[in-house]
Amino acid sequence: MSDQIRIVEMGPRDGLQNEKTPVSVEARIAFVEALVAAGLTTVEVGAFVSPRAIPQMASSDQVLRGVSHVKGAEFHVLVPNEKGYDAARAAGAEVVSVFAAASEGFSRANINCSVAESIERFKPVVARAKADGVRVRGYVSCVLGCPFDGEIRPKAVADLAKTLWDLGCYEISLGDTIGVGTPLKAKEMLRAVGAEIPTANLAMHFHDTYGQALANLYAGMEEGVRAIDSAAGGLGGCPYAPGATGNVATEDVVYMLEGIGIRTGIDMEKLLTATNDVAGLLGRPPVSRVASALNAR
Ligand code: HMG
Ligand code: MG
């Protein structure tokens, strides 16, 4: 496993979208700047969703505009429909992410439509993006379990991933939204998806609710997956995924990768600063093991 792993940083989007403490636009911009300074080259910075549904992501246009001067990094934003796409483009988005779920229960709760309806909403987004030269990433949520529908069959994940791939997404990010997966289940799911689309175009987006995310990521790396979504400080969660905690922490991922000889290009001290600064704004210490260990030095 000596080859490269790509990290897609989720802190400013997934990380902050469920936080009770409001974080100003200026602080969100500063967070992105600090993450890029630490060496993160792909950062999801916001979501063009209903501000009534996710008030924390309101003003994502100002955040995206506010980081346009930052060089050497690619910025992603979520868009659920054409309205979101219009707003994202107006703010300068060059990569957008659509998000579907492998379960009807989560789709309904999260985006207020069935899985099939969500695909219909994405079709014009992807078509317009293609015409505009905008790249589209596709998420599949609840790949290892759903808070409403329970067990999810790997085949359901693979079918939906294939649908998003056939639409034209360049990468499919597979979300263990509620962090219930374990390594063998993760492998089984990734094999099922890998039978439909190239493993090189998959990403793992694992939440760490039960402390399994690193083990699941390692299992997925053994299957050949080479992209990892993570959030500084282990921030994150989705208001429509009750009980779920944050994404796997970026610093925990970096520590593991560097420890097994995979160079990440990320400066741990600068990442720790970014993590601690945002934790300070939120009024509590970071939950990640690596941040706790380093902060105790
Ligand atoms: P809806 O109610 O079906 O949509 O919501 P609608 O078209 O009927 O519109 C309802 C209202 O929303 C209207 O406003 C629209 O203008 C507005 P009103 O007239 O009531 O004032 N609206 C919008 N506003 C801003 N931007 C838009 C937009 N679209 C409609 N793009 C909708 C559908 C998807 C909009 C809504 O359900 C929503 O915003 N949901 C939020 C979903 C979300 O952001 N969830 C968290 C991110 S997903 C996640 O965390 C999982 C992930 O991390 C992977 C994983 O972990 O598995 C990606
Ligand atoms: Mg997530």
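Residues numbered from 1 in each chain as written. Chains lettered and ligands numbered in written order. Predicted model: local features only at pLDDT ≥ 70, side-chain atom pairs only at ≥ 80, totals over all residues.

**Q** For the pairing of strand S3 (residues 74-78), give the residues involved together with the corresponding values.
**A** Put simply, side chains in a regular strand alternate between the two faces of the sheet. Among the five residues in S3, four count as buried, and that is most of the element. Summarising the sheet, strand S2 (residues 42-47) and S3 pair through five bridges and their orientation is parallel. Within the sheet, the bridge partner assigned to glutamate 44 lies in S3 and is histidine 76. Between the parallel pair S2 and S3, the chain is carried across by helix H3 (residues 60-66), and the sense of this crossover is right-handed. Running through helix H4 (residues 82-90), the crossover from S3 to the neighbouring parallel element strand S4 (residues 95-101) is right-handed. (Buried ≥ 20, exposed ≤ 12 C-beta atoms within 10 Å, placed from the backbone. Helix = DSSP H or I, 4+ residues; strand = E, 2+ residues; numbered from the N terminus. Pairing = 2+ DSSP bridges. Right-handed = clockwise from strand over helix to strand, strands pointing away.)

**Q** How would you summarise the environment of valine 134 if you had to cite specific residues and measurements?
**A** You can see valine 134 is positioned in the loop between helix H6 (115-132) and strand S5 (135-141). Its 18 C-beta neighbours within 10 Å are what place valine 134 among the partly exposed residues. Considered as a pair, valine 134 and alanine 231 are 97 residues apart in the sequence and their alpha carbons are 24 Å apart. Once you skip the residues sitting within four places of it in the chain, valine 134 turns out to touch Ala93, Glu94, Val95, Val96 and Ala129. (Contact = placed C-beta atoms within 7 Å.)

**Q** Tell me about the pairing of strand S6 (residues 171-176), and name the residues and values.
**A** Most of S6 is tucked away, with six of its six residues classed as buried. Here S6 shows no split at all, with Glu171, Ser173 and Gly175 on one side and Ile172, Leu174 and Asp176 on the other all buried. Of the pairings in the sheet, the one linking S5 to S6 comprises four bridges and is parallel in character. Within S6, the position partnered with glycine 138 by the bridge is isoleucine 172. With helix H7 (residues 154-167) bridging S5 and its parallel neighbour S6, the resulting β-α-β unit is right-handed. Running through helix H8 (residues 183-194), the crossover from S6 to the neighbouring parallel element strand S7 (residues 202-206) is right-handed.

**Q** Describe the site of ligand 1, naming the residues involved and giving the relevant values.
**A** Val49, Ser50, Gly84, Ser141 and Gly175 are the nearest of the 24 residues found near ligand 1. Taken together, the elements giving at least two residues each to the shell around ligand 1 come down to H4, helix H5 (104-111) and S5. For the shell around ligand 1, the residue count by class is twelve nonpolar, ten polar and two charged. (Near = placed C-beta within 6 Å. Nonpolar A, V, L, I, M, F, W, Y, C, P; charged D, E, K, R; others polar.)

**Q** Explain the environment of glycine 234 to me, using residue names and the numbers behind them.
**A** Its location among the elements puts glycine 234 in the loop between strand S8 (227-230) and helix H10 (250-259). By C-beta crowding, glycine 234 is classed as buried, having 28 other C-beta atoms within 10 Å. When the C-alpha positions of glycine 234 and alanine 249 are compared, they lie 3.8 Å apart, and in sequence the two are 15 residues distant.

**Q** Give me the UniProt feature "domain: Pyruvate carboxyltransferase" (unreviewed entry) in the protein chain: which residues, what numbers.
**A** Under the feature "domain: Pyruvate carboxyltransferase" (unreviewed entry), the UniProt entry names residues 5-272. Strand forms 16% of residues 5-272 and helix 41%; the C-alpha atoms that close the span are 20 Å apart. (UniProt positions renumbered as here; feature names shortened; annotations may be inferred.)

**Q** Would you mind going over the nonpolar core in detail, with residue names and values included?
**A** Among the nonpolar cores identified, the biggest contains 97 residues, and Leu35, Val77, Val140 and Val157 are the most heavily contacted of them. Aside from chain neighbours lying at most four places away, what touches leucine 35 is Glu9, Gly11, Leu40, Val43, Ala232 and Ala274. (Core = buried A, V, L, I, M, F, W, Y, C linked by C-beta atoms within 7 Å.)

**Q** So what about the packing of H4 against H6? Which residues, and what values?
**A** Two elements in contact, H4 and H6, have axes whose closest approach is 9 Å; the angle formed by their N-to-C orientations is 25°. Here H6 runs roughly parallel to H4, going by the angle between their axes. Once H4 is placed against H6, the crossing between them reads as right-handed. For the pair formed by H4 and H6, the contact residues are Glu82, Tyr85 and Arg89 on the first element and Pro124, Val125, Arg128 and Asp132 on the second. Of the residues in the contact of H4 with H6, the class split is three nonpolar, no polar and four charged. (Axes fitted to C-alpha atoms, helices over the stretch in contact; angles between N-to-C directions. Parallel < 35°, antiparallel > 145°, perpendicular 65-115°, else oblique. Left-handed = near helix turned anticlockwise from the far one by under 90°.)

**Q** I'd like a description of unusual backbone geometry, backed by residues and values.
**A** Phi angles above zero are rare outside glycine, and serine 59 is one such case at about 65°. Looking at the secondary structure, you find serine 59 in the loop between S2 and H3. Given 17 C-beta atoms within 10 Å, serine 59 falls into the partly exposed group. Here the phi dihedral of cysteine 142 falls at roughly 60°; this positive angle occurs in a residue that is not glycine. With respect to the helices and strands, the residue cysteine 142 is situated in the loop between S5 and H7.

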